[in-house]
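Reading the structure
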Amino acid sequence: MTKTFLAAAALAVALSAPAFAKDVAGQQTFKRDGQTYVYTKVTKEDRVVLSGRRYPAGSAFELIVRGDRVTGYSGGVPVSFTVPDAQAKLTSTVVASR
């Protein structure tokens, strides 16, 4: 249950955080609850795949986003949950204007 919550929290932060630090080409990071998440995002035909590791533990995660449904694993534990407009948030481009 805790790992499901952590995966949900990780995705929620990834979807809502306005600025990510891009450390290595294609990698993105964010921090949540003392953990640093480093991941890559790959957009495929009907889904977005987020895969990476959570540090300092080094636990791997891979989340597949299709529409509002997120499935995958975090630390070897299967996770499945919904996030309203998850696909749109991951694939849209944000344009800022004054």
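So, here is what we can say about the structure in this document. It should be emphasised that the depicted structure is a prediction, and the values quoted were computed from it without experimental measurement.

A few words now on unusual backbone geometry. With an omega of 20°, the peptide bond between Y55 and P56 qualifies as cis. You can see P56 is positioned in the loop between β3 (48–55) and β4 (59–66).

Quick look at the pairing of β4 now. Two elements, β3 and β4, share seven bridges in a ladder whose sense is antiparallel. Bridging from a neighbouring strand, V48 pairs with V65 of β4. Counting the residues between successive antiparallel strands, the hairpin from β3 to β4 contains three residues, one of them, G58, with a positive phi of roughly 80°. Connecting the antiparallel pair β4 and strand β5 (residues 69–74) is a turn made up of two residues, with G67 showing a positive phi of about 65°.

Conventions used here
Residues numbered from 1 in each chain as written. Predicted model: local features only at pLDDT ≥ 70, side-chain atom pairs only at ≥ 80, totals over all residues. Heavy atoms only, no water. Helix = DSSP H or I, 4+ residues; strand = E, 2+ residues; numbered from the N terminus. Pairing = 2+ DSSP bridges.

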